[in-house]
Amino acid sequence: MAIRYWEFEDAPLKEKLKNPNVREVAKIYFSNDVRAYRFGLALNEVKKKNTLRLKDCSDALPIATWKRYLDYGVQVGLLTHENNAYSFTDRYSKPFKNIATYIKAWVESPETDDMDILFGDVKAGKQAKRGGRVKREQELTNVEEAVQKAADSNTSNSSGQV
């Protein structure tokens, strides 16, 4: 999700609320314009009809595409799918307020968190190198070994062919 939080602060939000559109909603979830268009099209159809069944979808998109984007709307909590129909739901207003309250309480609390206890299962520290660029000393050693092998093979080949 690409929530650009500064666009939803007080002053920009007041401007946006004067003329709300589905593009802004779709751009929260998709940065790709084609996907945002398709998701916006699905949300707009649900808005027009209040409840939308797949068989009632227009021919603008294939049925599988309609289903994919409508199911994504259900997955992120904008839509609900009951009785084979999609409709809007209000799952965001209360939880977002609660998340903001929780974050504010955590920031204002005087205790510091012990990360090793909270995230005990996480492998901390640097990972072992799995490839990529070799260090300069190793490059020189590898080149010297290759030159030595080539020289050894040349001397063995030249002495056997007299």
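Up top is the structure these notes are about.
Since this is a predicted model, take the numbers as computed values, not measurements. (Residues numbered from 1 in each chain as written. Predicted model: local features only at pLDDT ≥ 70, side-chain atom pairs only at ≥ 80, totals over all residues. Heavy atoms only, no water.)

Participant: So what's going on with unusual backbone geometry? Residues and values would help.
Facilitator: Of note in the backbone geometry, Asn-50 takes a positive phi value of approximately 65 degrees without being a glycine. Mapped onto the fold, Asn-50 is located in the loop between helix 3 (33-49) and helix 4 (63-76). (Helix = DSSP H or I, 4+ residues; strand = E, 2+ residues; numbered from the N terminus.)

Participant: Can you lay out the packing of helix 2 (residues 22-29) against helix 3 for me, pointing to particular residues and giving the numbers?
Facilitator: A packed helix pair is summarised by two numbers, namely the angle formed by the two axes and the spacing between the axes. Two numbers describe how helix 2 lies on helix 3: the axes approach to 8 Å, and their chain directions differ by 125 degrees. Classified by the angle between their axes, helix 2 and helix 3 sit oblique to one another. Relative to helix 3, helix 2 is oriented so that their crossing is right-handed. Listed contacts from helix 3 to Val-22, Arg-23, Val-25, Ala-26, Lys-27 and Tyr-29 of helix 2 are Asp-33, Ala-36, Phe-39, Gly-40 and Leu-43. Tallied by class, the residues present in the contact of helix 2 with helix 3 amount to 7 nonpolar, 1 polar and 3 charged. (Axes fitted to C-alpha atoms, helices over the stretch in contact; angles between N-to-C directions. Parallel < 35°, antiparallel > 145°, perpendicular 65-115°, else oblique. Left-handed = near helix turned anticlockwise from the far one by under 90°. Contact = heavy atoms within 4.5 Å. Nonpolar A, V, L, I, M, F, W, Y, C, P; charged D, E, K, R; others polar.)

Participant: So, the layout of surface pockets: which residues are in play, and what are the values?
Facilitator: By volume, the second largest pocket is sized at about 150 Å³. In this structure, the second largest pocket is lined by Val-22, Arg-23, Ala-26, Lys-27, Asp-33, Ala-36, Tyr-37, Gly-40, Leu-41 and Asn-44. Elements with a contribution of two residues or more to the lining of the second largest pocket: helix 2 and helix 3. In terms of residues, the lining of the second largest pocket owes the most to one element, helix 3, which gives 6 residues. In terms of residue class, the lining of the second largest pocket is built from 5 nonpolar, 2 polar and 3 charged. (1 Å grid on protein atoms, 1.4 Å probe; cavity = no way out; pocket = protein on both sides within 12 Å on 5 of 7 lines; lining within 4 Å. Points joined across faces, edges and corners; volume = space filled by probe spheres on them.)

Participant: I'd like to hear about the pattern of salt bridges, residue by residue, with values.
Facilitator: With the rule as written, the count across this model stands at 4 salt bridges. A salt bridge links Asp-33 to Lys-27; the nearest nitrogen and oxygen atoms lie 2.6 Å apart. Since its relative accessible area comes to 11%, Lys-27 is described here as buried. Linking Glu-45 and Lys-49 is a salt bridge whose minimum nitrogen-to-oxygen distance equals 3.7 Å. Here Glu-45 and its partner Lys-49 are both found in helix 3, 4 residues apart, which amounts to about one turn of the helix. One network of salt bridges, with partners in common, ties together Glu-45, Lys-48 and Lys-49. (Salt bridge = Lys/Arg side-chain N within 4 Å of Asp/Glu carboxyl O. Buried < 20%, exposed > 50% of the residue type's maximum accessible area, 1.4 Å probe, protein only.)

Participant: Would you mind going over a nonpolar patch on the surface in detail, with residue names and values included?
Facilitator: On the surface, Phe-96, Ile-99, Tyr-102, Ile-103, Trp-106 and Val-107 cluster together into a nonpolar patch covering about 690 Å² of accessible area. Of note, Phe-96 is situated in helix 5 (residues 93-108). For Phe-96, a relative accessible area of 45% translates into the label partly exposed. (Patch = residues over 30% accessible without salt bridge, like charges linked within 9 Å, V, L, I, M, F, W, Y side chains within 5 Å. Areas by Shrake-Rupley, 256 points an atom, 1.4 Å probe, with all protein chains shown as cover.)

Participant: Before we move on, can you summarise the packing of aromatic side chains with the specific residues and values?
Facilitator: Tallying each qualifying case throughout the model produces 6 aromatic pairs. The interplanar angle of 85 degrees and the centroid separation of 6.2 Å between the aromatic rings of Tyr-29 and Tyr-72 together place this pair among those described as edge-to-face. Of the two residues, Tyr-29 is situated in helix 2 and Tyr-72 in helix 4; the sequence distance between them amounts to 43 residues. Ring geometry for Phe-30 and Phe-39: centres 5.5 Å apart, planes at 70 degrees, overall edge-to-face. Summarising the burial analysis for this pair, Phe-30 and Phe-39 share the class buried. (Phe/Tyr/Trp six-rings, centres within 6.5 Å; stacked < 30°, edge-to-face > 60°.)

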